[in-house]
Every structure is written in structure tokens, then in C-alpha cells.
Amino acid sequence: MTAERPPNSLQAGILPAWSEPFLRERLPELRRARPFETASPEWLGSTGAGVTVAIVDSGVEGDHPAVGGRLIASVRVEMDDEDEPVVIDDDSIDVVGHGTACAGVIHALAPGADLVSVRVLGKKNTAKGIAFARGLHWVVEQGIGIANLSLSSGSEELFAEFHELADQAYFENTVLVCAASNTPGRSSYPSLFSSVISVAAHDSPDPLTWYYNPRPPVEFGARGVDVPVAWRGGASIVGTGNSFATPHIAGLVARIRGTYPAATPFEVKTLLAAAAATP
Amino acid sequence: MPAGRSPSNPGNLNGAGLALLRSVALRAEAAQRLESELQTTLLQSIVGTTVAIFEAEAASIALYREASHSLEFVIAAGVQGQGVVGLSIPADQGIAGYAFTTGEPIAIAEPERDPRFGKDFSVETGFTPRSILAVPMRGGAQNTGVLEVLDKRDGSFTMRDIAIASVFADQAAVAIQVGARALEARNLLHAILTGDLHQGTEPDAIDDVVSAATRAQSGDDRFWEFVDAITRLRRARPEDRALAIDVLDAIGRHEARTAQRRSFRRHVRR
């Protein structure tokens, strides 16, 4: 017996990235039998009006032009004196730029959707898994229908907690859209759970091209390579990573929910798969 | 460990015994220093290989310094890499800080427009890169640092580049972890030689002192506590030892099952 150590890509051998199923040369493998083939569904015409999307991240810069004034609330998770995570109101700021990047992508795809920022990154709780879990719990408690999680936790200790949270979200109709870790072979919760919509990157420049991968755990591929995104301080950059693919799918989910407000997470995922691009 | 305490008369150890132990300690110290050079050589080789593979302008490794909550650049390779060695940045700032705090790699381009890229830092190193890839080095419970690659000559970084760089970051993290264990072992020896062995002359009393010093090395991962518990079992009665073996076996089997369950068919390619 040895002390617990998270698996890494060295111990596991060199593994393909989660985005590998979406590489151009491998796209033919994603071809599906009926009924899962390309369709141009009516929900694509929605703007996401009437839908709220939570962005659990580094905050969102409310006055960034890319966010279009759609940020309606901002909270942050902080550790209190007893080192317990608490949710408090926050200014509409972003300590990194990452959350604003996600908000900008979602707004571009679903300009009618309202955005709520749940900041779990910051000086006092730099990416503490427990703060992330609390933020996610808050989203479900508030009844917010969609959460964009371009972050994940690698903490094995929080496996059960995230599993329960993902189930709770599923049963309460909150769709969790989660970035697969950029490093395969590592724990990444809740993105590896079957109840969420997990996303990796493809390198096509079309924001409205997405693929369904029938080989889980990562089921969807969206634009994530060289994506122009908003950033802190009113800036914009070009980013690469599953983080930037995820809000593309969150934006599409907002369109689905804009058309079918009562669609369950299961139905949302099915609609998304049915309309995915045929390679 | 009782810091600053001068070496005391160590109970039933005679002068020759003590001299022997100190002599061993000196060699352990020398070995550690030699190994530290080996570690540096290995890290240098990792960043050198990274530069070669990506045909990058530079690659560097920054290690987390808990006391100052900063990332200190300790090793670099490539034409533009050397200026960075010795510089420190706050652990939650810059592109390296982002990768470190979130544990996720990030690749960005046109960083001169990117507020994450510290302008002062760029001025200090005299080099402004066009593209940056930062990958966290994960060791045990916490990230130990960041591997950064600057300016891949052949265009911007791809998802595949992120995966490859992660392998190099893992190698560097293992090298750092091995070095840290060796340092802890040396500290343990030091703590024992300068510790209080007055409590008695019985082997049990000496063992208690060594045990306490061993446990004092343990951090969050409780590694040395675990080592101590295993070591103390050597004097257990055969039936207790059998019980301990059963318990460890059960935990081992449980751990293997959970790890399997959690791997989520990670490695299965259908």
C-alpha cells in the first residue's frame, strides 16, 4: 500500500487529450446512426431570452462591452473565520479575466440571456475546491437553470460532495456545463460525471459548430482553439483550452432553454446531441 | 522539532556512537547537496527538452514558495529564457499564477494585450513573448510550481501541445517531490541528533523520541506519520502484526477499487 497520490499523465503513460476525438482526422469516428444526425432545430433561433446562466469562475467584469450589460448579479464565495465557505454579494469585477471571457462567449451566442457571476477564485480562496463546491451549491439553491463551469476540482476528498451536487443539480433542473480538464488522466470534478454536459475543444473557428462524442466521459466538442475572448480591464485576448469551448455549449443550452424552458438536463443533452455537426 | 537546541548528551549513546551518527549525518548532508545538483540537472534537462520539442524561444520552471506565497523562477532554457531566473511573482498573478492557482494549463496568444502578463516583468526580462503556455506542476496534494513555454516558433499552441507540456510538468513535479523527501529525511536525522534523548536509556524511550521527530516532519499528506506508524509495527506481536497486515490489505483493496471506479474508463479506447 502506498500513500494516496493522484494519477498523472506520467504514471498513466502519455494519454491523448480529451479534445483528441475532435481532431480533424478523427472526426469521421463521430458519425452517428439515426436519429442522431445533423438537424437544424428551431431552438437555434432563440436568443436565450428569459434564461439565466451562472458563470462560476473568477468573476465577471460587468461593464466589459462583450458582456452587453446582461450581468444582473454578482456574488463571491469567501472563507469565513472558521474557514467555512460563505456566499456574499460582490462587485461586478473579475480578478483574472477568465470569467469575463466565458461571459463574453455566452453573451455572443445567447444575447438575450441574463448572466450571474459566482466568483470562486480570489486572493483568499485561490481555487479552493470547497469554495467552488459552495458556489455551485448556491447556483442550484437559487434555481438558476444553467451553470457554466470552466473550472473543475482535482480534489479526491471532494469526490463525493461533487457527485452529490451534480446529482442534486440534475434533479433540480440545473444544467451543469463543465470543461473537461486540459490534462487527461487527472481527476476533474464534476466534469467527469455522467449527469453533467462535459466539453472539450475542437479547432474549427466556427462558434456554432459542435460535435457529439459517443465515447464518454467527454461528450461534446466546441470551439476552443485560438478563440478571441474578452478579458479583464476591457481587454481581449486569444485563448486556447477547454475553458473557452465550454461557454459555447452553455450558450447553446441557453438557446434550448429559451425555446423549451421546461427541458430537463437529460432532454437538453439529447437535443444538443441530435443537432450536433455531422463530420 | 526543538529548533535551536544544542546537541545534548544522548542518554545511553556513548561518545563513539554519537560520533558515528554525526558522521553519517554529515554524509547524508553531502549526499543531499549532490542530489540537489542532480535535481537541478534534471530540471534543466526538462526545460531544455521542452524548448527543443516546441521549438520555443524559452521555457522555464517557477517553484511555489509558501512563505512569500510567490512563484520563483529557478530554471530556464532557450535563447530568451535566462533573464527570468531568480525573479519572483505573486502566486496568484500572471499567466503562471493563473495556472498555479487553478491547476489548469492555459495557452494564450498576443499577451502584450493581455493584462495577465505582468508588464513590469516583461520589462525586467527584456523580452515580450507573442504566445505563452503555462502548465501547473502537480505533486501530491498541492501544485508545486509551473512550467512555462514562450513563443512556439511554429504558430500558436494547440491542445496537443498542452497535453505534451503537461507530461514534462509532471516529470518536473516528480523531481521536486523526490528532492523534498530527501530533504525531510535529512531534517529528521538532524532533529534526532540535536533532540532530547535524556528521557531514558531504554530502547523504547529512544524510539519514542525518534517517533516524535518523524511525525514532526509530516505535512498535510501525513507521509512521515505513515512511515512512522509502519516502522513502529516492527515490534508488534505476531498476532497484532497479522491484524495490521489484514487492515492494510483491506485499505489497499478499497483504494484500488475506488481508484478504478474513479478512473471512469479514462484509459479505455473503444
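Residues numbered from 1 in each chain as written. Chains lettered and ligands numbered in written order. Predicted model: local features only at pLDDT ≥ 70, side-chain atom pairs only at ≥ 80, totals over all residues.

> Any chance you could explain the sheet that holds strand β10 (residues 227-231) of chain A here in plain terms?
Picture the strands of a sheet paired through backbone hydrogen bonds; they go either parallel or antiparallel. With antiparallel pairing, 8 strands are arranged side by side in an open sheet as β10(A)-β11(A)-β4(B)-β5(B)-β6(B)-β1(B)-β2(B)-β3(B). The open sheet has two edge strands, β10 of chain A together with β3 (88-90) of chain B, and neither has a second partner. Taking the axes of each pair of neighbouring strands and ignoring which way they run, one obtains an average angle of 30 degrees across the sheet. In terms of strand pairing, strand β1 (residues 56-65) of chain B meets strand β6 (residues 142-152) of chain B through 7 bridges, oriented antiparallel. Along β6(B), the bridge assignment pairs Ile61(B) with Leu147(B). Against the sheet, helix α1 (residues 98-109) of chain A makes contact with β10 and β11 (235-240) of chain A, and its axis sits at roughly 120 degrees relative to β10(A), the strand it touches most. (Pairing = 2+ DSSP bridges. Helix = DSSP H or I, 4+ residues; strand = E, 2+ residues; numbered from the N terminus. Axes fitted to C-alpha atoms, helices over the stretch in contact; angles between N-to-C directions. Contact = placed C-beta atoms within 7 Å.)

> How should the confidence of the model for chain A be read in this particular structure?
The predicted structure's coordinates, where accompanied by low pLDDT, should not be read in detail. The pLDDT averaged across chain A works out to 88; a share of 89% of its residues lies at or above 70. Here residues 1-15 of chain A is a poorly scored stretch, pLDDT under 50, and it has 38 contacts once near neighbours within four places are set aside; other chains count. (pLDDT = per-residue confidence, 0-100.)

> Help me understand the packing of helix α2 (residues 129-141) of chain A against helix α3 (residues 159-171) of chain A, please; the structure alone is not making it clear to me.
Angle between the axes and distance between the axes: these two values describe a pair of packed helices. All names here are of chain A. One can describe the packing of α2 onto α3 by two numbers: an axis separation of 10 Å at closest approach and a directional angle of 15 degrees. Here α3 runs roughly parallel to α2, going by the angle between their axes. In this structure, the crossing between α2 and α3 has a hand that is left-handed. In contact with Ala133, Leu136, His137 and Val140 of α2, α3 contributes Glu161, Phe162, Leu165, Gln168 and Ala169. Classifying every residue of the contact of α2 with α3 gives 6 nonpolar, 2 polar and 1 charged. (Parallel < 35°, antiparallel > 145°, perpendicular 65-115°, else oblique. Left-handed = near helix turned anticlockwise from the far one by under 90°. Nonpolar A, V, L, I, M, F, W, Y, C, P; charged D, E, K, R; others polar.)

> Looking at this model, I keep getting lost on the sheet that holds strand β4 (residues 114-119) of chain A. Mind explaining?
All names here are of chain A. Spatially, 9 strands are ordered β3-β2-β4-β1-β5-β6-β7-β9-β8 in an open sheet, and the strand pairing comes out mixed. Edge positions in the sheet fall to β3 (85-89) and β8 (211-212), since each of these pairs with one other strand and no more. Against the sheet, α2 makes contact with β1 (52-57), β2 (71-79), β3, β4 and β5 (146-149), and its axis sits at roughly 55 degrees relative to β3, the strand it touches most. The sheet contacts of helix α4 (residues 242-259) involve β1, β5, β6 (175-179), β7 (197-202) and β9 (220-223), and relative to β6 the element is tilted by about 160 degrees.

> Help me understand the pairing of strand β4 (residues 106-109) of chain B, please; the structure alone is not making it clear to me.
Successive residues of a regular strand alternate their side chains across the two faces of the sheet. Alternating residues of β4(B) divide into Ile106(B) and Ile108(B) and Ala107(B) and Ala109(B), and every residue in both groups is buried. Sheet topology note: the β11(A)/β4(B) ladder contains 3 bridges and is antiparallel. Within β4(B), the residue paired with Thr240(A) across the bridge is Ala107(B). In the sheet, β4(B) pairs with strand β5 (residues 131-139) of chain B via 4 bridges, with the strands oriented antiparallel. Across the sheet, residue Ala109(B) finds its bridge partner in β5(B), namely Ser131(B). (Buried ≥ 20, exposed ≤ 12 C-beta atoms within 10 Å, placed from the backbone.)

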